[in-house]
Protein chains: 2
Amino acid sequence: MSSIGELGEFGLITRLTDRLPQGPAVELGPGDDAAVARAPDGRVVATTDLLVEGRHFRRDWSGPYEIGCKAAAQNLADVIAMGARPTVLLVGLAVPAETPVEWAEQLYAGLGEECEMTGTSVAGGDVVAAPRILLAVTALGDLGGEPPLTRSGARPGDLVVVRGRLGHSSAGLELLENGRDEPAELVEAHRRPRPPYTAGAEARAMGATALLDVSDGLLQDLGHIAKASGVRIEVDTAEVPVPAVLGPGGLRHVLTGGEDHGFAATVPPGAAIPSSWTVVGRVTEGAGVLVDGGAYRGAGWDHFRD
Amino acid sequence: MSSIGELGEFGLITRLTDRLPQGPAVELGPGDDAAVARAPDGRVVATTDLLVEGRHFRRDWSGPYEIGCKAAAQNLADVIAMGARPTVLLVGLAVPAETPVEWAEQLYAGLGEECEMTGTSVAGGDVVAAPRILLAVTALGDLGGEPPLTRSGARPGDLVVVRGRLGHSSAGLELLENGRDEPAELVEAHRRPRPPYTAGAEARAMGATALLDVSDGLLQDLGHIAKASGVRIEVDTAEVPVPAVLGPGGLRHVLTGGEDHGFAATVPPGAAIPSSWTVVGRVTEGAGVLVDGGAYRGAGWDHFRD
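Residues numbered from 1 in each chain as written. Chains lettered and ligands numbered in written order. Predicted model: local features only at pLDDT ≥ 70, side-chain atom pairs only at ≥ 80, totals over all residues. Heavy atoms only, no water.

(A) Spatial organisation of the layout of surface pockets. A volume near 1300 Å³ is recorded for the second largest pocket. Listing elements by their share of the lining of the second largest pocket, those giving two or more residues are α2 (9–17) and β5 (121–129) of chain A together with β3 (43–52), α3 (64–80) and α8 (218–229) of chain B. If one sorts the elements of the lining of the second largest pocket by residue count, β5(A) sits on top with seven residues. Its residues assigned to classes, the lining of the second largest pocket comprises 17 nonpolar, 18 polar and 14 charged. (1 Å grid on protein atoms, 1.4 Å probe; cavity = no way out; pocket = protein on both sides within 12 Å on 5 of 7 lines; lining within 4 Å. Points joined across faces, edges and corners; volume = space filled by probe spheres on them. Helix = DSSP H or I, 4+ residues; strand = E, 2+ residues; numbered from the N terminus. Nonpolar A, V, L, I, M, F, W, Y, C, P; charged D, E, K, R; others polar.)

So, in structure tokens, the structure goes:
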């Protein structure tokens, strides 16, 4: 089993990119100074995220395939959260030279597999040597002629709705930190998020006034909507779904845990809400986020503080 | 002077992005799940590069402003090398929490200043905590209705032409490694590349059949054109410009030094070549790169080997 250092930069790039199927959104794939992607809308949605070893993943807790899935998922979810269709991913990989080539191949297999769920192609990237593994993923998307679904459109009277898993990744991380690997459902949720990629289209159909994916914790992310929209958001914990598998700290995980990349939206009061979405609160005049009418302490995740 | 850890993730993002002017290509700038950029051509050119501390820059050799300029320049040059006009940059910054906020502000000042030279906007990004500084820059560009200028169009009979500084950054790095900081022109060239951003438009006017920016070394990058185009490239060192300031190792720096982000193109034999470009060789049938009719050893830069 050879190392990345033995294979070399250009050998590694060829090995990784030869296996990536290029979908219809890719006019020119890996191998030139830049990729060329189709942007039929005439606008392009663009987002970038960094995943740092030891911070966003640990190699003893997650395999390369799962890390690849997670890196793709969090960027695809950002594009979906704009109400757009993901088209291409660019992947920057910083990796120690002694890393086995197979590790990088598995990482790319995960990236490719997650992309396939949304019809997205890995169209380019960069690999460099570094003391620790870091992934820099950029996702592009197409709005299909629709306005973007931002964080700033929530209006007093709107309902607050959520979709997808909340708190599972956070609960799974807590298990791993305590040396446990059961319930497997939670540990798996931490290793590989499962964003419901249909949420963007569903939010459009509901006439959503704001949409985001929950990456920093539900309350903190609802705070982003409140701030951008100039409104208050009131959450009713009696309405918040807390699956029994989350255990005694379940509500805390659901309210403050990030990384599941579920979605939260605000929708007009008369909206037809599918059963896959749950109403957890409402938008009022004012500022900030209230939980059962009061403040909530320790509301989310700051990359430099927690 | 406060640290990034004291200011926190969201405070830092606000501080950095509030100062970024958003140009006409930006429909939605920083602050949402993703940015929205205009892509009037209906296609988008996209490239991403990583810059790792200790590998691509050293904080004792380069200030944050210069590192920002360099990070932007190498991505803008990639877009120009496709014959496109850069539109927006996304910037991922991994940084230790104890780094002064002012350091990040200066970095962004450099990014913004370099972008301004090409009318590009910093439209989004991500900041995370990490033990070492790493920059992940993604640049998007618009082709304005033209086909991309790839590496694969060179044909036997074409001339090989170059534009901009070659070897200066490499010579400057060698000086710094030997504890010297003169000639200042070379050290400055290492700290901040000066890609000639008009090269893309000039290459189109010449009817260029292939274009790239020289990032890994002239011979190695010409090798990429030779391989992608299925041709041989023959370089005549008597024609290669070697400024006296480069000193005794000048030709080696010009042939093998990267990071100046000058440009190399192949153009049809009858092309009208402006005086800012220099003919350094020609395209023939065959494979690989010949220097004065023979092989050249140690031709360039592999991130996992050098």
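(B) Focus on the relation of the copies chain A and chain B. Structural alignment of chain A on chain B gives an RMSD of 0.0 Å, achieved by rotating through 180 degrees and translating 0.0 Å along the axis. Interpreted geometrically, this transformation is the action of a two-fold axis. Identified as the residue of chain A closest to the rotation axis by C-alpha distance is A:Gly42, at 2.4 Å. Here 100% of the interface residues in chain A have copies in chain B that are interface residues too; the copies meet face to matching face. (Least-squares fit on C-alpha atoms with pLDDT ≥ 70 in both. Contact = heavy atoms within 4.5 Å.)

(C) Expanded view of the domain arrangement of chain A. Residues and elements named next belong to chain A. Looking at chain A, the domain boundaries give domain 1 (4–142) and domain 2 (159–291). The gap between the C-alpha centroids of domain 1 and domain 2 is 26 Å. Of the residues lining the interface, 20 residues belong to domain 1; the matching set on domain 2 comes to 19 residues. Summing the contributions of domain 1 and of domain 2, the shared interface buries around 1700 Å²; its carbon and sulfur component is 57%. Our count for the domain 1 to domain 2 interface comes out at two salt bridges. (Domains from an automatic or database assignment. Buried area = accessible area lost by both parts, 1.4 Å probe. Salt bridge = Lys/Arg side-chain N within 4 Å of Asp/Glu carboxyl O.)

(D) Fine view of the interface of chain A and chain B. With 70 residues of chain A in contact, the opposing surface of chain B contributes 70 residues. Buried surface at the junction of chain A and chain B, summed over both partners, amounts to about 5200 Å²; 62% is from carbon and sulfur atoms. The tally of links between chain A and chain B comes to six salt bridges. A salt bridge links A:Asp32 to B:Arg151; its shortest N-O distance comes to 3.5 Å. If you look at where chain A meets chain B, you find 17 residue pairs in polar contact (both at pLDDT 80 or more). (Polar contact = N/O pair within 3.5 Å; in protein donor to acceptor, adjacent residues only side chain to side chain.)

(E) Region of interest: the pairing of strand β8 (residues 210–213) of chain B. Residues and elements named next belong to chain B. Going residue by residue along β8, you find Ala 210 and Leu 212 tucked away on one face and Leu 211 and Asp 213 tucked away on the opposite face as well. As paired strands, β8 and strand β10 (residues 263–267) are joined by four bridges and run antiparallel to one another. From the neighbouring strand, Asp 213 faces β10, where its bridge partner is Phe 263. (Buried < 20%, exposed > 50% of the residue type's maximum accessible area, 1.4 Å probe, protein only. Pairing = 2+ DSSP bridges.)

(F) Structural view of the UniProt feature "domain: PurM-like C-terminal" (unreviewed entry) in chain A. Those places that UniProt annotates as "domain: PurM-like C-terminal" (unreviewed entry) correspond, in this numbering, to residues 155–287 of chain A. Annotated as 33% helix and 20% strand, the span residues 155–287 of chain A places its first and last C-alpha atoms 12 Å apart. (UniProt positions renumbered as here; feature names shortened; annotations may be inferred.)

(G) Main features of the pairing of strand β7 (residues 159–163) of chain B. All names here are of chain B. Within β7, four of the five residues are buried, leaving the element largely enclosed by the surrounding structure. In this structure, β7 lies alongside strand β11 (residues 277–284), joined through five bridges in antiparallel fashion. When the sheet's bridge partners are listed, Val 161 is paired in β11 with Val 279.

(H) Molecular detail of the sheet that holds β8(B). Residues and elements named next belong to chain B. The strand order β8-β10-β7-β11-β9-β12 describes an open sheet built from six strands, whose pairing is mixed. A strand with exactly one partner marks an edge of an open sheet, and here the two such strands are β8 and β12 (288–291). Going across the sheet, the axis of each strand differs from the next one's by a mean of 25 degrees, ignoring polarity. Pairing between strand β9 (residues 232–235) and β12: four bridges, direction parallel. What sits directly across from Ile 233, in β12, is Val 289. Contacts between α3 and the sheet are confined to β8 and β10, with β8 contributing the most and set at about 180 degrees to the helix. (Axes fitted to C-alpha atoms, helices over the stretch in contact; angles between N-to-C directions.)

(I) View of the side chain of B:Asp33. One can find B:Asp33 in the loop between β1 (26–28) and β2 (35–38). Among the polar contacts made by the side chain of B:Asp33, one reaches the side chain of A:Arg151 at a distance of 3.0 Å. Apart from residues no more than four positions distant in its own chain, B:Asp33 is found in contact with A:Thr47, A:Asp78, A:Ala81, A:Met82, A:Arg151, A:Leu211, A:Leu212 and A:Asp213.

(J) Structural detail: unusual backbone geometry. That bond from A:Glu182 to A:Pro183 is cis: its omega, 0 degrees, falls within 30 degrees of zero. Its place among the elements puts A:Pro183 in the loop between α5 (168–177) and α6 (184–191). Even without glycine at this site, B:Glu259 takes up a positive phi of about 75 degrees. As for its position among the elements, B:Glu259 is in the loop between α9 (250–256) and β10.

(K) Seen up close, α8(B). All names here are of chain B. Counted at 1.5 Å a residue, the expected span for α8 with its 12 residues is 16 Å, and the 16 Å between its end C-alpha atoms agrees. Counting buried residues in α8 gives nine out of 12 residues, a clear majority hidden from the surface. All buried positions along α8 are accounted for by Leu 218, Leu 219, Gln 220, Asp 221, Leu 222, His 224, Ile 225, Ala 226 and Ser 229. Looking one or two residues past α8, Gly 230 carries a phi angle of roughly 70 degrees, positive in sign. (Expected span 1.5 Å × (residues − 1).)

(L) Focus on the packing of α5(A) against α6(A). All names here are of chain A. Running from N to C, α5 and α6 point in directions that differ by 105 degrees, and their axes come no closer than 7 Å. The orientation of α5 with respect to α6, classified from their angle, is roughly perpendicular. Residue-level inspection shows His 168, Ser 169, Ala 171, Gly 172, Leu 173, Leu 175 and Leu 176 of α5 in contact with α6, the latter providing Glu 185, Leu 186, Val 187, Ala 189, His 190 and Arg 191. Residue composition of the contact of α5 with α6, grouped by class: seven nonpolar, four polar and two charged. (Parallel < 35°, antiparallel > 145°, perpendicular 65-115°, else oblique.)

(M) Spotlight on the packing of aromatic side chains. All names here are of chain B. Scanning the entire structure with this criterion turns up zero aromatic pairs over all chains. When the ring centre of Trp 61 is taken as reference, the NZ or CZ atom of Arg 58 above it lies at 3.8 Å. It is Arg 59 that lies over the ring of Trp 103; its NZ or CZ is 5.6 Å from the centre. (Phe/Tyr/Trp six-rings, centres within 6.5 Å; stacked < 30°, edge-to-face > 60°. Lys NZ or Arg CZ within 6 Å of the ring centre and 35° of its normal.)

(N) Examining α2(A) more closely. Residues and elements named next belong to chain A. Three or more residues of α2 are buried, namely Glu 9, Leu 12 and Leu 16. Relative to the axis of α2, the buried residues are bounded by an arc of 65 degrees and lie together on one face. Buried residues in α2 make contact with α1 (4–7), α4 (101–116) and β5. (Arc of directions from axis to C-beta.)

(O) Highlighting the sheet that holds strand β12 (residues 288–291) of chain A. Residues and elements named next belong to chain A. If you walk across this open sheet you meet the six strands as β8-β10-β7-β11-β9-β12, and the pairing is mixed. Lying at the two open borders of the sheet, with one neighbouring strand each, are β8 (210–213) and β12. Geometrically, the sheet is characterised by an average inter-axis angle of 25 degrees between neighbouring strands, direction not taken into account. Relative to the sheet, helix α3 (residues 64–80) contacts β8 and β10 (263–267), its axis offset from that of β8 by approximately 180 degrees.

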